[in-house]
Amino acid sequence: MAVGTVLITGGTGYIGSFTSLALLEHGYEVVIVDSLYNSSKISLDRIELLCGKRPIFYEVDVTDEAGLDKVFEAHPKLDSVIHFAALKAVGESAENPLEYYRINVGGTISLLRIMQKHSVHNIVFSSSATVYGDVTRFPNMIPIPEHCPIGPTNPYGRTKSTIELVIEDFINAQRNNVKKAGKPFEHWNGALLRYFNPGGSHPSGILGEDPLGVPFNLLPLLGQVATGQREKLLVYGDDYPSRDGTAIRDYIHVVDLAKGHLAALNHLREKNPGVRAWNLGSGRGCTVFEMIAAFSKAAGKQLKYEVVERRAGDVLDLTANPTRANEELNWKTELTLENACEDLWRWVSNNPQGYRQDPPAA
Ligand code: NAD
Ligand code: WQD
């Protein structure tokens, strides 16, 4: 019998597919809803290839309440939701903020309304380190703890900080309303997971990130340089006050990140903590030049780059203080930056066209 049944929105996407795999491997039944806006159903085949189990899949948009309602009705054993489905391109969010608020904030409100209707009490939410913004405006906030004041610098980040507030208000109201009505206590809980910079792929080389269109994150771009799909990487600024002049990020292997979701889900189901934010990061900062060197080593060739102006909105340093997640969720990163680069290299060299080709021979 399954440990529990979990709905994963955005479960065919990058982080969602790894989390679906981790849950299936730990005995959960997984039900995915995804609009396939930025993903492929082939990820479901790859998950099945890796663990011998297949998530149940529905092509449903998170803003479609009637569609969500039908999925919840079909799965009365659902007790938790992990909510990944969102738009995530920072630049695009500045051009089309209404669409970002409609899908990210509106989609979450629809989901919470259907959770409320069906008494599904636990939500794990994909937040982002981007909610912190430029923490150099405060003294002694690097590495960044969860109590650091938030201040996102773009509409995408503001959808994430808004959703954190919506979830907090909703969960607290659910807990309080039940108390007031004198009904038996209902264990409503929310985990706000603030991921730092996810990267890497499955060590098998058959599950990975398959961004449709032009990627904007450092690791997939380096992957394209390594496979020759892109001539060189543009390094956005080498005049930051860091050890080599380039900006610092906390890169986290996607397999570790998926395990962080499992840890948070188990914590909500077992400890009933209410709403709580946790940083998911390694606590180690890496510069852009250090990342180019690490990926060049993994790929066995020196990757070309050119230094250009800083990218608007970028900040100097986003490194996590992951102590809270280490202590409360009993979770910490186990894989290194080198593992992330080696696994990503295996993925891009085996699947240069992402999921749009046959899987490599095992
Ligand atoms: P992704 O684009 O690979 O996954 C998102 C999934 O949501 C995709 O499968 C997409 O098709 C689906 N989706 C989009 N709009 C939808 C809609 N209206 N209805 C249903 N499904 C929809 O992105 P990812 O990198 O896996 O990110 C997952 C989550 O983590 C997102 O919420 C993102 O904001 C957050 N996040 C990502 C990063 C990162 O760097 N990748 C960092 C921090 C937070
Ligand atoms: C990393 C570093 C760039 C590309 C973004 C979102 C954040 C989160 C993760 C979702 C930076 C440098 C990059 C390039 C470069 N996503 N860089 N040349 O900006 O830290 O975070 O993705 O929540 O919200 O903002 O990640 O991978 O884009 O950049 O020099 O071509 O690499 O300047 O220092 P970022 P990134």
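Scroll up for the structure.
None of these values were measured; they are calculated from a predicted model. Residue numbers restart at each chain and count upward from 1, following the sequence in its written direction. As a convention, the first chain written is A and the first ligand written is 1, with the rest following in written order. Predicted model: local features are reported for residues with pLDDT of at least 70 only, side-chain atom pairs are reported and counted for 80 or more only, and whole-chain, interface and lining totals are derived from all residues. For side-chain calculations, the full set of non-hydrogen atoms in the structure is used, while hydrogens and water are omitted.

## A short note on the pattern of salt bridges
If charged atoms from side chains of opposite charge come close, those side chains can pair. For this analysis, a salt bridge means a side-chain nitrogen from Lys or Arg found within 4 Å of a carboxyl oxygen belonging to Asp or Glu. Under the counting rule described, the total for this entry stands at 17 salt bridges. The partner of Glu-99 in a salt bridge is Arg-102, and the shortest N-O contact between them spans 2.9 Å. Residue Glu-99 and its partner Arg-102 are both found in helix H5 (residues 97–117); the two are separated by 3 residues, about one turn of the helix. Of the residues examined, Glu-99 reaches a relative accessible area of 28% and is grouped as partly exposed. When the shortest N-O distance is used, the salt bridge between Glu-146 and Arg-324 registers 3.8 Å. Here the residue Glu-146 occupies a position in the loop between strand S5 (122–128) and helix H6 (155–181), and Arg-324 occupies one in helix H10 (residues 323–328), the gap between them amounting to 178 residues. Put simply, Asp-45, Glu-48 and Arg-54 are held in one network by salt bridges that share partners. Helix and strand assignments come from DSSP, with helices taken as H or I runs of at least 4 residues and strands as E runs of at least 2, each series counted from the N terminus. Each residue is placed in one exposure class: buried if its accessible area under a 1.4 Å probe, protein chains only, is under 20% of its type's maximum, exposed if it is over 50%, and partly exposed if it falls in between.

## Considering the site of ligand 1
Whether a residue is near a molecule or strand is decided by its heavy atoms; if any one of them lies within 4 Å of it, the residue is near. Near ligand 1, the surroundings consist of 26 residues, among which Asp-34, Asn-38, Ser-39, Phe-84 and Tyr-156 are the closest. The definition of a polar contact used here is a pair of N or O atoms within 3.5 Å, where within protein one atom must be able to donate a hydrogen and the other to accept one, and adjacent residues in sequence count solely through side-chain atom pairs. Lys-88 places a side-chain nitrogen or oxygen 2.8 Å from an oxygen atom of ligand 1. The contact in question runs from an oxygen atom of ligand 1 to an N or O atom on the side chain of Tyr-156, over 2.6 Å. The Shrake-Rupley method, run with a 1.4 Å probe, gives the accessible areas here. Residue values count only the displayed protein chains as cover. Taking 820 Å² as the accessible area of ligand 1 by itself, protein coverage stands at 95%. For the shell around ligand 1, the secondary-structure elements that each account for two or more residues are helix H1 (14–25), S5 and H6. Per-element accounting of the shell around ligand 1 gives the leading share, 3 residues, to S5. Gly counts as polar in this scheme, as do all residues outside two lists: the nonpolar Ala, Val, Leu, Ile, Met, Phe, Trp, Tyr, Cys and Pro, and the charged Asp, Glu, Lys and Arg. Its residues assigned to classes, the shell around ligand 1 comprises 13 nonpolar, 9 polar and 4 charged.

## Side note on the nonpolar core
As used here, the term nonpolar core means buried Ala, Val, Leu, Ile, Met, Phe, Trp, Tyr and Cys residues forming a set that is joined through side-chain atoms within 4.5 Å. Counting 60 residues, the largest nonpolar core has Leu-23, Leu-233 and Phe-295 as the members making the most contacts within it. Examining the composition of this core, we find that 9 residues originate from one element, helix H8 (residues 254–271), more than from any other. We call two residues in contact whenever any of their non-hydrogen atoms come within 4.5 Å of each other. Every residue in contact with Leu-23, bar those within four places of it in the chain, is listed here: Val-6, Ile-8, Tyr-28, Val-30, Ile-82, Leu-262 and Leu-265. Core analysis: the second largest hydrophobic core is formed by 25 residues, Val-31, Val-105, Trp-188 and Val-275 among them.

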